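The lines below spell out each chain.
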Amino acid sequence: GAEMDYYLIASTAPHPFQRYITSSFSDKPYLEAKLEAYERPKELIKSLILSKAKEWNINPELALEIVRRESNFNPTVCNGKFGCSYGQGLFQLIPSTNKHCEKKLGRKLNPFDAEDNINCGLYLLSQPDGIYHWWDPKGKWGSGPYDDYD
């Protein structure tokens, strides 16, 4: 069985996530990102997308629209219909796509961390067929090449 770990998510301001949590070790990054997201308003997420889009030379309006449609600027959301295996974080990355980004960007990425998710999403958009992760050639939203990196 999974080794249980008790830990406190600390914060300077009280909020619903500040409590002792019993969970397996693998949940810690998600819960810590959830805490950070609670404290990070949408405007900060939008400004982070705008600055990163400039760095990646991506149309910021396109990046903002994808994130708005996919997660409504919530960095810790999972796909509402199918769960976390079908979409995680701002750009709703699937685990195999996140692993692909880790290889291409040369570092470990947490899909629930806003900056990591944005960097992966913008990397994908910088590729010639990048938009097709979210938009297929027939114009259907959310029907990208989900198995490309499996």
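The rules behind these values
- Throughout, a residue's number is its position along its own chain's written sequence, starting from 1.
- Two thresholds apply to this predicted model, a pLDDT of at least 70 for residue-level local features and 80 or more for giving and counting side-chain atom pairs, whereas whole-chain, interface and lining totals are computed over all residues.
- In computing side-chain values, all of the structure's heavy atoms are included and hydrogens and water are not.
- In plain words, nonpolar cores are sets of buried Ala, Val, Leu, Ile, Met, Phe, Trp, Tyr and Cys residues tied together by side-chain atoms within 4.5 Å.
- Only protein chains enter the accessibility calculation, which uses a 1.4 Å probe; a residue is then buried when its area is under 20% of its type maximum, exposed when over 50%, and partly exposed in between.
- Helix and strand definitions here come from DSSP, where helices need a minimum of 4 consecutive H or I residues and strands a minimum of 2 consecutive E residues; each element is numbered from the N-terminal end.
- By salt bridge we mean one thing: a side-chain nitrogen of Lys or Arg within 4 Å of a carboxyl oxygen of Asp or Glu.

A. Structural view of the nonpolar core. Counting 23 residues, the largest nonpolar core has I49, L90, F91, I118, L122, L124 and L125 as its most contacted members. Where this core is concerned, the elements lending two or more residues are α2 (42–56), α3 (60–71) and α5 (114–126). With seven residues, the top contributor of residues to this core is α5.

B. The arrangement of the pattern of salt bridges in detail. For the structure on display, the rule yields seven salt bridges. Residue E115 is joined to K52 by a salt bridge in which the shortest nitrogen-to-oxygen separation is 3.0 Å. Here K52 lies in helix α2 and E115 lies in helix α5, a separation of 63 residues in the sequence. Classification of E115 as partly exposed rests on a relative accessible area of 36%. A relative accessible area of 10% places K52 in the buried class. In this structure, D116 engages R107 in a salt bridge whose closest nitrogen and oxygen atoms are separated by 3.0 Å. Relative accessible area serves as the criterion here: at 11%, D116 is assigned to the buried category. Via salt bridges that share partners, K52, E55 and E115 belong to a single interconnected network.

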